[in-house]
Amino acid sequence: MDLKKFVGHLNEERAAMRVGKEGIEPNGLSLENMKGALSSLVESIVWTDQEGKIQWSNDPFDCLVEQKHKKVLGSKLIDLMPLMQNGHKLPSRLYPVNLLLDGEHQVRELYQWQKPSGKLLDLEVSGVQMDWNRSGKNAFVSFHDITEQKHTEEELREAQLQLIQAVKMESVGGLAAGIAHEVKNPLAVLQMGVDYLANSANGTGEIQAVLRDMKQAIVRADNVIKGLLDFSVSRKLEFVLSDLNPLVNRSLNLVKHELHKKQMTVVTDLAEDLPKICVDRNKMEQVFVNLYMNAIQAVLKGGTMRVKTYQKRLVKIGKVVGRRKTDIFKVGEKVVVAEIEDTGVGIPEANMDRIFDPFFTTKPLEQGTGLGLAVTEKIVQMHKASIDIENKPEGGVRVTLMFKVKGENG
Amino acid sequence: MLIVEDDDAIARLLSMFLREQKFEVSVAQDGEAALQEAKSTTPDLIILDLILPSLSGEEICKAIREDDDEEVARIPIVVLTAKSADVDRIVCKVTGANSYVTKPFDRQGLLEEIRKWI
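Residues numbered from 1 in each chain as written. Chains lettered and ligands numbered in written order. Predicted model: local features only at pLDDT ≥ 70, side-chain atom pairs only at ≥ 80, totals over all residues. Heavy atoms only, no water.

Let's talk about the overall build of chain A
Filter applied, for reference: Helix numbering and strand numbering both begin at the N terminus, where a helix is a DSSP run of H or I of at least 4 residues and a strand a DSSP run of E of at least 2. Only protein chains enter the accessibility calculation, which uses a 1.4 Å probe. A residue is then buried if its area is under 20% of the maximum for its type, exposed if over 50%, and partly exposed in between. Contact definition: two residues touch when any of their heavy atoms are within 4.5 Å.
Looking only at helices and strands, chain A features 12 helices and 16 strands. Buried residues in chain A amount to 40% of all 410 residues. Of all intrachain contacts in chain A linking residues separated by at least 6 positions in sequence, the fraction that spans at least 24 positions is 62%.

Next comes the structure, spelled out in structure tokens:
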């Protein structure tokens, strides 16, 4: 709304009133009507004298400041509405009303203000200064609540970012899936061809041996493709509020056979009443299975794997714990922890830097593609969790996973 | 049976292998042809590659399952997939395919799946 125009009208009306008889309504407008109209506006409006004391306010303003009209009249505007900008209290001279009374003709700015009832609002404040004869400078200030609007804008921006991210992932996922398809088809042809030859070749030991090698090569290539597809995580993660312990046990169940083959013992120490965490169950099971398999493959025979879960409050600043926005965890935050320990050969210090690199592996050919930890790290990152791998002083490796607790810190 | 596969080499090898096993085989290379063939000849089984030009395997599956002709709607479908097993398990449930075989597959595996349905 154009304040100046309105005030101009008011001015004219007042002048007309002074001239005419009481009750005369030139143009069908009277001050009473005007006041009524101004009070029905959604915008909160006040009119102050040259000391910033409120001479008049409309109903919406009284509602906004949550005061009775009688109390509003005569109060200083800046007392009723202490403003903030960017989280800081506004210095007195920078208040719109004071800027106006100090000489500015017009102001229009965004501020924050906390209602007496506590709610924080984003307000667009605009005002004009009028210099009426005999009464000195007067300020007309209006307040427009744009809190909802701002929230919607922020949500929209967030949605846009998510959309961009999804499109990016889709194209990466799409690319990987396309490549996978283009490679898997030839692999299928090779596989069928080898099968056919194996069935019809006149069984000389050498030919069969060659065919066996070819078959194995096909399986290896196929594993790499599988790993690649996982790595691009072309499927969206589905986060569900879950308990960690059942997940730990389900994953353990999946590697039962392997544990048995290696004659390994498993010791679990799972805390009760752990707070729930937000995870994609399938992907997190994949993570645990990967870590268990690493532990299992670290020993030749026998040995123990220890799995421990507990909760704790972070007190020390560390690799992922700090006070900065970019740290995953903040000091003082409550987290759920899972530790997987083995009594295997440990990781040579020289390799420590590379264990998460794609295709880095110390396992023999048939056992690993080197993608396990790379995929695991990716999944952990997407959960906004952390993974840490270190050698234990007494030998073997400890893997520590830390998860945010839902609801604790938003 | 009907093989729906756009890759020539796979279609050829697959047909050869299945004919050896005494199956009667016809091949369609895209979705439209597949649906036409399915409706006109009602094969005993359809082997369907999920990734095809134009109509996707999933869409073809759905189209067959929703066909007015009961005979057509009930044709067993084995899908050939290139993605990972768990994704495809879900796809099967959603589209109504009867089972899946992941590429690259071996003959025995495919035969076993086929034998389940005919």
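Structural notes on the interface of chain B and chain A
Frequently, the measure chosen for interface size is the accessible area removed from exposure when the parts meet. Our working rule: A 1.4 Å probe defines the accessible area here, and the buried area is the portion of it lost by two parts on being joined, summed over both. The salt bridge criterion pairs a side-chain nitrogen of Lys or Arg with a carboxyl oxygen of Asp or Glu, the two atoms within 4 Å. Residues adjacent in sequence count toward polar contacts only when both atoms are side-chain atoms; beyond that, a polar contact is any pair of N or O atoms within 3.5 Å, and within protein one must be able to donate a hydrogen and the other to accept it.
Counting residues at the interface gives 21 residues for chain B and 16 residues for chain A. In this assembly, chain B packs against chain A so that about 1,700 Å² is buried in total across both faces, 67% of it on carbon and sulfur atoms. Put simply, chain B and chain A have 0 salt bridges between them. Remark: the boundary between chain B and chain A carries 3 residue pairs in polar contact (both at pLDDT 80 or more). Elements represented by at least two residues in the side of chain B that touches chain A include exactly helix H1 (8–20) and helix H5 (85–95) of chain B. With 6 residues, the single largest contributor to the side of chain B that touches chain A is H1 of chain B.

Focus: the pattern of salt bridges
Any two side chains of opposite charge can pair, on the condition that their charged atoms come close. Residue and element names in this part refer to chain A. Taken as a whole, this structure holds 18 salt bridges over all chains when the rule is applied. Put simply, Arg398 and Glu341 hold a salt bridge, and the shortest N to O gap is 2.8 Å. On the criterion of sequence distance, the pair formed by Arg398 in strand E16 (residues 397–404) and Glu341 in strand E14 (residues 334–342) is long-range, its members being 57 residues apart. Here the residues in one salt-bridge network are Glu339, Glu341, Glu390, Lys392 and Arg398, joined through shared partners.

Concerning the packing of H1 of chain B against helix H6 (residues 107–115) of chain B
Residues and elements named next belong to chain B. For clarity, the threshold we go by: Axis angles are defined between N-to-C directions and span 0 to 180 degrees, where every axis is a line fitted to C-alpha atoms and, for a helix, only to the segment in contact. By definition, turning the near helix anticlockwise from the far helix through less than a right angle yields a left-handed crossing, and turning it clockwise yields a right-handed one.
Their axes nearest at 12 Å, the elements H1 and H6 cross at an angle of 65°. Like other packed secondary-structure pairs, H1 and H6 cross with a definite hand, here right-handed. Contacts between H1 and H6 involve Leu14, Phe17, Leu18 and Glu20 from the former and Arg107, Leu110, Leu111 and Ile114 from the latter.

Thoughts on the nonpolar core
Residues and elements named next belong to chain A. What counts is decided by this rule: Here, the term nonpolar core denotes a set of buried Ala, Val, Leu, Ile, Met, Phe, Trp, Tyr and Cys residues that are joined through side-chain atoms within 4.5 Å.
Membership of the largest hydrophobic core comes to 42 residues, with the highest contact counts inside it found for Phe288, Tyr292, Met305, Ile389, Leu401 and Phe403. Residue assignment for this core shows that the elements contributing at least two residues are helix H9 (244–254), strand E10 (277–279), helix H11 (281–297), strand E11 (304–313), E14, helix H12 (372–382), strand E15 (386–391) and E16. Counting residues per element, this core draws most heavily on H11, which supplies 8 residues. Apart from residues lying up to four places away in sequence, Phe288 is in contact with Leu244, Leu247, Val248, Ser251, Ala338, Ile340 and Leu401. Formed by 25 residues, the second largest nonpolar core is a distinct cluster that contains Ile54, Met81, Leu83 and Val107.

Here's the deal with the sheet that holds strand E5 (residues 106–114) of chain A
Quick reminder of the rule: Criterion used throughout: strands pair if DSSP finds at least two bridges between them.
Spatially, E2-E1-E7-E6-E5-E3-E4 (chain A) is the arrangement adopted by the 7 strands of the open sheet, whose pairing is antiparallel. On the outer flanks of this sheet lie strand E2 (54–57) and strand E4 (88–89) of chain A, each paired with one strand and no other.

Section: the confidence of the model for chain A
Our working rule: Residue-level confidence of the predictor, termed pLDDT, takes values from 0 up to 100.
For chain A, per-residue confidence averages 82 on the pLDDT scale, and residues scoring 70 or more make up 82% of the total. The secondary structure element of chain A with the lowest average pLDDT is helix H1 (residues 3–19) of chain A, at 65, and the one with the highest is E16 of chain A, at 95.

Re unusual backbone geometry
With a phi angle near 55°, Glu66 of chain A is a residue other than glycine that sits in the positive phi range. Structurally, Glu66 of chain A is set in the loop between helix H3 (59–65) and helix H4 (69–72). With a phi close to 70°, Lys22 of chain B is a non-glycine residue in the positive phi region. By secondary structure assignment, the location of Lys22 of chain B is in the loop between H1 and strand E2 (26–28).

Observations concerning the environment of Leu10 of chain A
Residue and element names in this part refer to chain A. Take Leu10: it is sitting in helix H1. Of the residues examined, Leu10 reaches a relative accessible area of 11% and is grouped as buried. Residues Leu10 and Lys35 lie 25 residues apart in sequence; the distance between their C-alpha atoms is 9.4 Å. Among residues more than four places away in sequence, those in contact with Leu10 are Leu31, Met34 and Phe140.

Details of the sheet that holds E15 of chain A
Residue and element names in this part refer to chain A. Sheet architecture is open: 5 strands sit in the order E9-E11-E14-E16-E15, paired in mixed fashion. The open sheet terminates on both sides in strands that have one partner only, identified here as strand E9 (265–270) and E15. Each strand of the sheet is rotated relative to its neighbour by a mean of 15°, with strand direction disregarded. The pairing of E9 with E11 spans 6 bridges and is classified as parallel. Pairing of Leu270 across the sheet is with Thr309, part of E11.

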